[in-house]
Amino acid sequence: MSLCKSPLIGLKADSFRHPLDLEATTSLKQIPGLDMLVRNLLGPMAEQVFYVENIASSVLVGEKQLPDLHKLLLEACKILDIEPPQLYVRQHPAPNAYTFAMRGKQPFVVLHTSLIDILTPEEIQAVIAHELGHLKCDHSVYLTPVNLLVLAASAVPNIGAFMAQAIQAQLLEWVRCAEFTCDRAALLATQDPKVVMSVLMKLAGGSPTLAPQLNLDAFIDQARAYDDISKNEMGEMVKAARTAQLTHPVPVLRAREIDSWASSQEYQSLLQNHGQKYTSEVASKGGWRNW
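Residues numbered from 1 in each chain as written. Predicted model: local features only at pLDDT ≥ 70, side-chain atom pairs only at ≥ 80, totals over all residues. Heavy atoms only, no water.

As annotated in an unreviewed UniProt entry, the chain is M48 family metallopeptidase from Nostoc parmelioides FACHB-3921.

Secondary structure summary: the chain contains 12 helices and four strands in total. Across the 291 residues in the chain, those meeting the buried criterion constitute 48%. Partitioning the intrachain contacts of the chain with sequence separation of at least 6 by distance along the chain shows that 72% fall at a separation of at least 24. Carbon and sulfur atoms make up 55% of the accessible area of the chain, which amounts to about 14,700 Å² in all. (Helix = DSSP H or I, 4+ residues; strand = E, 2+ residues; numbered from the N terminus. Buried < 20%, exposed > 50% of the residue type's maximum accessible area, 1.4 Å probe, protein only. Contact = heavy atoms within 4.5 Å. Areas by Shrake-Rupley, 256 points an atom, 1.4 Å probe, with all protein chains shown as cover.)

This part takes up the packing of aromatic side chains. If you walk through the whole model with that rule in mind, you get three aromatic pairs. Between Tyr88 and Phe108 the ring centres are 5.8 Å apart and the planes differ by 80°, which places this aromatic pair in the edge-to-face class. With a gap of 20 residues between them, Tyr88 in strand E2 (residues 86-90) and Phe108 in strand E4 (residues 108-112) connect regions that are remote in the sequence. No difference in accessibility class separates Tyr88 from Phe108, as the two residues are buried. By way of ring pairs, the aromatic residues Tyr88, Phe100 and Phe108 are connected into one cluster. (Phe/Tyr/Trp six-rings, centres within 6.5 Å; stacked < 30°, edge-to-face > 60°.)

Right, let's talk about the sheet that holds E4 for a bit. If you trace the four strands from one edge of the open sheet to the other, you get E1-E2-E4-E3, paired in mixed fashion. Each edge of the open sheet carries a strand with a single partner, namely strand E1 (59-60) and strand E3 (97-100). Sheet topology note: the E2/E4 ladder contains five bridges and is parallel. The residue bridging Gln86 from the neighbouring strand is Phe108, located in E4. (Pairing = 2+ DSSP bridges.)

Bringing helix H8 (residues 193-205) into the picture now. Along an α-helix, a turn takes 3.6 residues, which lines up residues three or four apart on a common side. For H8, built from 13 residues, the straight-helix expectation of 18 Å at 1.5 Å per residue is met to within 8% by its first-to-last C-alpha distance of 19 Å. Taken together, the buried positions of H8 are occupied by Val195, Val196, Met197, Ser198, Val199, Leu200, Met201 and Lys202. Measuring from the backbone nitrogen of Lys194 back to the side-chain oxygen at the start of H8 gives 3.1 Å, which picks out Asp192 as the cap. (Expected span 1.5 Å × (residues − 1). Polar contact = N/O pair within 3.5 Å; in protein donor to acceptor, adjacent residues only side chain to side chain.)

Mean pLDDT over the chain stands at 79; residues scoring 70 or higher make up 69%. Considering only residues more than four positions removed or in separate chains, one finds that residues 278-291, a stretch of pLDDT under 50, has 17 contacts. (pLDDT = per-residue confidence, 0-100.)

To continue, consider the pairing of E2. Side-chain direction in a regular strand flips from residue to residue, so the side chains alternate between the two faces of the sheet. With four of five residues buried, E2 is to be regarded as a mostly interior element. Pairing between E1 and E2: two bridges, direction antiparallel. Bridge assignment links Val59 to a residue of E2, and that residue is Val89.

Looking now at the side chain of Arg90. As for its placement among the helices and strands, Arg90 is situated in strand E2. Judged by its relative accessible area of 17%, Arg90 is buried. If we skip the residues at most four places from it in the chain, Arg90 touches Glu53, Asn54, Ser57, Ser58, Tyr98, Val110, Leu111, His112 and Thr113.

Written as structure tokens, this is what we have:
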């Protein structure tokens, strides 16, 4: 099985970063003490908790363990020009994937078995690439506190609750914007917008039984009804209230966003310019490389 595309040699995070991500990150950097909170207060606890919960209870993917998934990881990393993190598969009934990285530590990606069960290999690679997007863009600096706030509220109730109330809204706003960037990373790796949008559709309403029956065109049409809600003030207020506590934009909005970017000149130029670098590099070495 080979799903690889030409690597995007020299790809930089800011070349595909969503403008909302850039804006939200700039705003988040104004929060005093956030980096110190992660490194000095919550970091040591997080390393232990996440190790026990996600590493010790999962299966490490490698050449001799789930090699097809390992190959998908390596191909996505080559395309996005990033060093491979560790990849783990965890038994879990809720379809999900997530990334964890602390400064100076080995980053890792975790895939839940229930997510793998509803996706094709191409779609699994899109999910992996989405998580790689967090690493490529160094989202871990702020993605970590989003996860740690939940831990702090239970492990250190007074401090955790205080910090959560103080910065939760800005963190959630940022992480929703960051998801748009990582969807773009998924598109760059798969180079097929329908694959990325299909993942979003299955996350919204898929199951091992229903996934093969879902209609992507019908799902994309749902976004029109969602857009129509914004045509009056009450509808816009309802949408804002609905999304304020979410860590991800709603799936139909993400699908519309990636469909729009896939037809943009910005996306086409990225593929052309960075793909040409790879072609020139291989040709200068006197041959073509299959991987």
